[in-house]
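# Architecture and fold: a report
Here are the chains, one letter per residue:
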Amino acid sequence: MNYLTSLLKSRIFSPTHTLTEVVVAPLIQNQHVRSKWVDSRMRKDARRRDIMEKYGPEKLHLTVLLRAQKILPPELNEIVRGEMNSLPKNAHSSRICHRCQLTSKGRNVVIRWRLGRMMFRRLADGNRLSGVQRARW
């Protein structure tokens, strides 16, 4: 006896229920729900971007003060270093990695579209990126 005939004979199925409500809905509920990130590297990069957005201007200001070591007194330099060490290390812009939004690869990324080279080429060939034309010579 297959699944549909057992549903038809059971009390669950009634004329008021449609076939999609009875058959498809339980299958969708049991499927694995993915997050909006492709993998853990993307999640980590997004977290770093949030931290940089929050603490980036303050860290940049403290970096400028540290570079002026010859001008400022040593006591003030120690205070600035202490404040700099209290900030998270991911607050610097060099900690952000440009990753492809579709495949999460970290190399060969076209930064303007945030896509990897192969994904960019595939989407551009299919005319799915606005403002991109195939090179002709």
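What you see is a predicted model, and the numbers here were worked out from it, not measured in a lab.

Along the chain, Val-80 turns up in helix α4 (residues 74–86). Expressed as a C-alpha distance, the spacing of Val-80 and Leu-65, which sit 15 residues apart in the sequence, is 7.4 Å. The residues contacting Val-80, other than those within four sequence positions of it, are Leu-62, Leu-65 and Leu-66.

With respect to the element layout, Lys-59 can be found in helix α3 (residues 40–67). Of the buried charged residues, Lys-59 lacks a salt bridge, with Glu-58 as the closest side chain of opposite charge at 10 Å.

Turning our eyes to something else, we now look at the pattern of salt bridges. Tallying each qualifying case throughout the model produces two salt bridges. With its nearest N and O atoms 2.7 Å apart, the salt bridge here joins Arg-41 to Asp-39. What makes Arg-41 partly exposed here is its relative accessible area of 42%. Residue Asp-39 is classed as partly exposed on the basis of its relative accessible area, which comes to 22%.

So, about the side chain of Asn-90. The topology assignment puts Asn-90 in the loop between α4 and β1 (109–110). Here Arg-95 takes part through its side chain, which lies 3.0 Å from a polar atom of the side chain of Asn-90. In this structure Asn-90 touches Arg-48, Ile-51, Met-52 and Arg-95, once residues within four positions along its chain are discounted.

What counts, and where the lines are drawn
- Residues numbered from 1 in each chain as written.
- Predicted model: local features only at pLDDT ≥ 70, side-chain atom pairs only at ≥ 80, totals over all residues.
- Heavy atoms only, no water.
- Helix = DSSP H or I, 4+ residues; strand = E, 2+ residues; numbered from the N terminus.
- Contact = heavy atoms within 4.5 Å.
- Buried < 20%, exposed > 50% of the residue type's maximum accessible area, 1.4 Å probe, protein only.
- Lys, Arg positive; Asp, Glu negative; His and termini not counted.
- Salt bridge = Lys/Arg side-chain N within 4 Å of Asp/Glu carboxyl O.
- Polar contact = N/O pair within 3.5 Å; in protein donor to acceptor, adjacent residues only side chain to side chain.

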